[in-house]
Amino acid sequence: MASIYTLILFAASFFVQGLATRHGIRAYDYGHNTKLGIHKRDFGQSAVVASLPLVDGKPQPRLEIRDLQKDKDQWNLYILAMSWVHYTPQDSPFSWYQIAGIHGAPGLTWGNVTPLPGNDNLGYCHHVSILFPTWHRPYLVLYEQTMYNIVQYIASLWPPEDLDRVQTAAKRFRIPYWDWAAAPPVGESVLPLSIGGSSVVNVSGPNGVQSISNPLFSFAFRPFNGSIFPDAPYNKWNETKRAPYPITDPNAVSNNSFVAVSLDNHLPSYQQRLYNLFANYPNYTHFSNEGWIAQNDNGTFDSIESLHDSVHTIGGGGWGHLAIIAYSAFDPLFFLHHANVDRIFAMWQIIHNDTYVVPTPAVYASHTLNQGDMEDDQTPLQPFFVNDTSFWTSDTVRDHETFGYTYAEVTNRSREEVIAAINRMYTDFSPATMALKSHQSSWSHASQSIEDRSRRSTSPRYSHGSKAMAWQHQPTTNQLQLDSIFKNSSDGSFYYEWLANIVVNKHALNTSFLIYLFLGEVSDDSSLWQNSNQLIGSLGVFAGHDRYYTRMRPSLVTGTVPLTSALVRMAADSQVLSLDPTDIEPFLKAALQLRVARLDGTVFSADEVDGLHISIASSLVTVPTREDELPKWGKVDTVFDLV
C-alpha cells in the first residue's frame with residue numbers, strides 16, 4: 001500500500017500541516033485569573049442526561065460544522081471546550097476518555113451501571129440492533145451536555161467589554177454535525193480543513209489568541225496505557241490516527257489528505273444511498289439497522305447503520321481508530337459523524353412518522369445486554385439516566401426536541417418541506433430531480449444562512465471534484481440524451497435505478513473491511529483503489545478488531561452500492577444506449593469488477609469472505625413532479641448474481 005500513501009502524504013498540499021505530531025503543543029492558557037488545575041473543575045454534572053436549556057422557549061439548532069465556523073464566538077467556544085474536555089483527567093466520568101469509552105474499548109463501567117457477567121470487556125453501544133439510532137441519541141446529548149457546561153464556564157471568563165456578547169453565544173451553543181453526504185464548497189473536500197488541516201489551531205479566548213493542539217485533529221491519551229488496548233497497533237499509539245502511515249508503525253502519523261480524497265470519491269455513493277433511504281425505506285426496522293432479515297425484499301438491503309458503517313471505515317482510513325468499533329469513539333470525528341446520523345434520523349422520522357421500534361432479539365451482546373435478549377421501545381438505553389433511578393428508552397427519546405436541540409431542516413417543518421430540503425441537498429448524483437433542477441427559479445439559493453442551508457447544493461458555487469465513476473447534475477445536459485435515461489407515459493416519467501445488494505458475515509475477516517465495485521480494469525495495488533477513476537463505491541463493514549467482538553457468533557449484515565450514477569455517466573459517454581435491463585445487464589456482466597480488502601490493504605478473493613453474496617438489482621422509478629415529492633420506487637428485481 002505504500003505507493004498511494006506516499007504520494008498523498010508528500011505530494012498533496014491540501015493538508016500539508018495535518019501530518020504534524022502534537023508533541024510540544026499545549027492546551028489554552030486561561031491566565032492567572034483562574035485556578036491551577038482548571039480542567040479538574042467540577043461543574044456539578046451528574047450521570048442524568050437532561051434537556052439543555054431553551055433560549056426564548058425554543059430548542060437551539062445543531063449547526064453543520066462549516067456553518068458553526070462562520071459564527072466566530074460559538075466556534076471559539078466550541079474549540080476551547082473540545083480542548084478542555086480532551087485535557088480533563090481521564091479518571092473523570094466527563095472526560096473525553098470516559099465519555100468515548102462508553103461506546104466500546106476499554107469496556108469501562110460508567111455511572112455505576114455494572115456489566116452482566118462475562119460482558120465486562122464490551123461497550124454499552126448497540127450495533128446490528130433495532131436500537132442503533134435511538135441508543136446513540138442520548139449518548140450524543142451526554143457529550144453535548146458536558147460540552148455545554150464547559151462552554152458556559154469559559155464564556156464567563158471573558159473581559160467585561162465582551163462578556164454579554166460571548167455569553168449570549170454560549171447560551172445558544174449546541175454540538176455541530178458533519179454532513180458527509182452534501183457536496184462541499186468549490187475547492188474544498190467533504191472533510192473540512194478545520195478537522196484535518198492542521199494539528200495546531202489558533203483560537204481566540206478570554207486570554208487572547210493562542211495556538212493550541214487542534215482538538216478536532218486527534219485525541220491524545222493522558223496518560224496512555226497500552227495494556228488496556230491489547231490489540232496492535234492501538235497498544236502503541238498514544239493518540240488517535242486517521243489513515244496512519246506507516247500503517248502499523250508506533251510512530252505513524254495521520255494522513256488526513258488520504259482520508260479527504262477517499263471521502264470525496266465516495267460522495268456519489270453516500271449521497272445516492274442516503275437519498276434512496278429517504279425515498280424507499282418507509283419501515284423503521286429496515287431503515288434502522290443492517291441486520292439481515294430473512295424476509296427482506298430486494299429493495300431493503302440498505303440502512304442508516306450500514307451507510308454509517310461505510311463512513312466509519314473510509315473516515316478512519318486504514319487502521320485508524322474511527323474504522324474499528326471498539327476504538328472509534330476516541331476519534332473527534334465520531335461525535336460529528338453521529339450528530340449527522342441523528343439529524344438524518346430526525347428528518348426520516350418526519351417523513352415516515354408512523355413506524356418505530358418493534359420487539360427484536362439482540363444480535364450482539366453489550367455491557368448490559370446479552371445476545372438474544374429482546375429489545376423494544378422500553379429497553380433501557382444504558383447507561384443514560386433520565387433521573388436518579390431510571391434510564392431513557394427508545395419511547396422517551398423519540399422526539400429529539402425533548403433534549404433541547406433541533407436541526408434547521410426539521411424545525412417547524414412539514415413533511416413536504418423536509419422532502420423539498422432533501423431534494424435540494426441530496427440529488428447531485430441522481431437523475432430523479434433532473435427535470436426539476438432544470439428550472440432554476442424553483443431552486444432559489446439567494447441565502448446561505450442556516451435557515452437556507454438545505455439549498456446549498458443547488459448553487460453553482462458548489463460542485464464535486466471526485467475522480468470516481470459517477471455522473472453529476474450540471475447546468476446543462478448537452479452531453480446526455482434524456483431519452484436514454486427516461487421513459488414517458490401518461491402516468492409520468494420513469495427511469496431505472498440500479499444497485500448492488502450485498503450480504504456478508506460482519507466478522508468474516510476478523511476486523512473491518514471494504515467491498516469495492518469498479519467499472520473497468522482494476523489495479524493490483526489495493527492502496528490505489530479508493531482513488532481510482534474506475535471506482536463506483538464501496539461497502540464498509542464496520543467490525544471489531546482481534547479480541548473485541550470476534551467472540552461473537554457469525555452475523556449476516558446487508559448494505560448496498562448504488563450503480564445508477566455510474567451508469568448515467570456511461571450513457572453520457574455513449575458506453576451504453578440506455579438504462580434498460582436489456583442494455584445494462586450485458587454491460588455490467590462484462591465490465592463490473594469486485595474486490596475485497598481489509599483495512600490494512602490485505603486482499604481476499606470473494607470465496608474467502610464468509611457469507612458474501614452480491615446480487616445486481618433494478619427498479620423502475622417514477623420521478624417527482626414537484627420538489628416536495630420523493631421518487632416512487634417500483635418492485636426491485638434481481639437481474640443477476642455477481643457472487
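Residues numbered from 1 in each chain as written. Predicted model: local features only at pLDDT ≥ 70, side-chain atom pairs only at ≥ 80, totals over all residues. Heavy atoms only, no water.

### Overview of helix 3 (residues 72-87)
Since the α-helix packs 3.6 residues into each turn, any two residues three or four apart lie on the same face. Taking 1.5 Å of rise per residue, the 16 residues of helix 3 would be expected to cover 22 Å, and the 23 Å separating its terminal C-alpha atoms lies within 8% of that figure. Burial analysis of helix 3 places 15 of its 16 residues in the buried class, which makes it a mostly covered element. (Helix = DSSP H or I, 4+ residues; strand = E, 2+ residues; numbered from the N terminus. Expected span 1.5 Å × (residues − 1). Buried < 20%, exposed > 50% of the residue type's maximum accessible area, 1.4 Å probe, protein only.)

### Here's the deal with helix 15 (residues 581-591)
Within helix 15, the full set of buried residues consists of Ile 584, Phe 587, Leu 588 and Ala 591. The buried residues of helix 15 all sit within an arc of 95 degrees when viewed along its axis, so they share a single face. Relative to its buried face, helix 15 has exposed residues pointing more than 90 degrees away, namely Thr 582, Lys 589 and Ala 590. Its buried side turned inward, helix 15 meets strand 8 (492-505), strand 9 (513-519), helix 14 (564-572), strand 12 (592-598), strand 14 (613-622) and strand 16 (637-641). (Arc of directions from axis to C-beta. Contact = heavy atoms within 4.5 Å.)

### Details of the sheet that holds strand 10 (residues 535-541)
An order of 10-9-12-13 is seen for the 4 strands of this open sheet, with the pairing classed as antiparallel. Single-partner strands in this sheet number two, and they are strand 10 and strand 13 (603-604). Direction of pairing for strand 12 relative to strand 13: antiparallel, over a ladder of 2 bridges. Its bridge partner lying in strand 13, Ala 597 is registered against Val 603. Packing of helix 15 onto the sheet brings it into contact with strand 9 and strand 12, and relative to strand 12 it is tilted by some 45 degrees. (Pairing = 2+ DSSP bridges. Axes fitted to C-alpha atoms, helices over the stretch in contact; angles between N-to-C directions.)

### Things to note about the pattern of salt bridges
Taken as a whole and assessed by the stated rule, the structure comprises 23 salt bridges. Residue Arg 626 pairs with Asp 628 through a salt bridge whose shortest N-O separation is 2.9 Å. For Arg 626, a relative accessible area of 45% gives the class partly exposed. Among the ionic contacts, a cluster of salt bridges with common partners joins Arg 62, Arg 137, Glu 144 and Asp 342. (Salt bridge = Lys/Arg side-chain N within 4 Å of Asp/Glu carboxyl O.)

### Some thoughts on the packing of aromatic side chains
Within the structure shown, the criterion is met by 41 aromatic pairs. Look at Trp 135 and Phe 384: their rings are 5.2 Å apart centre to centre, the planes differ by 50 degrees, and that puts the pair in the tilted class. Taken together, the residues Trp 135 in helix 5 (residues 132-155) and Phe 384 in the loop between strand 5 (374-375) and strand 6 (405-406) connect sequence positions 249 residues apart. What makes Trp 135 buried here is its relative accessible area of 0%. Seen in terms of ring centroids, Trp 180 and Tyr 270 are 6.2 Å apart; in terms of plane orientation they differ by 80 degrees. Their pairing is edge-to-face. Linking Trp 180 in the loop between helix 6 (160-171) and helix 7 (193-196) with Tyr 270 in helix 8 (residues 256-280), this pair joins segments that are 90 residues apart in sequence. Comparing Trp 180 with Tyr 270 shows no difference in burial state: the two are buried. Directly above the ring of Tyr 405 sits Arg 62, whose terminal nitrogen or CZ lies 3.5 Å from the centroid. Taking the ring centre of Tyr 356 as reference, the NZ or CZ of Arg 398 above it sits at 4.2 Å. (Phe/Tyr/Trp six-rings, centres within 6.5 Å; stacked < 30°, edge-to-face > 60°. Lys NZ or Arg CZ within 6 Å of the ring centre and 35° of its normal.)

### Remarks on the environment of His 286
If you trace the backbone, His 286 turns up in helix 9 (residues 284-288). In the structure, His 286 is positioned 14 residues away from Thr 300 in sequence and 6.2 Å away in space, judged by C-alpha atoms.

### Focus on the nonpolar core
Ranked by size, the top nonpolar core spans 193 residues in total, and within it Tyr 78, Trp 180, Ile 515, Leu 519 and Leu 588 carry the most contacts. For this core, the element with the highest residue contribution is helix 5, accounting for 13 residues. Look past the residues within four positions of Leu 588 in its chain and what remains in contact with it is Trp 498, Leu 519, Leu 563, Leu 567, Ile 616 and Phe 640. (Core = buried A, V, L, I, M, F, W, Y, C linked by side-chain atoms within 4.5 Å.)

### Observations concerning unusual backbone geometry
Note the cis peptide between Ala 105 and Pro 106, where omega equals 5 degrees. The residue after Tyr 245, namely Pro 246, is reached through a cis peptide bond having omega -10 degrees. Relative to the elements of secondary structure, Pro 246 occurs in the loop between strand 3 (208-213) and helix 8. Positive phi values are uncommon outside glycine, yet Asp 56 reaches one of about 55 degrees. Accessibility expressed as a relative area gives 75% for Asp 56, which makes it exposed. Look at Val 128: it is not a glycine, yet its phi comes out positive at around 50 degrees. Within the fold, Val 128 resides in the loop between helix 4 (96-101) and helix 5. A relative accessible area of 2% means that Val 128 is categorised as buried.

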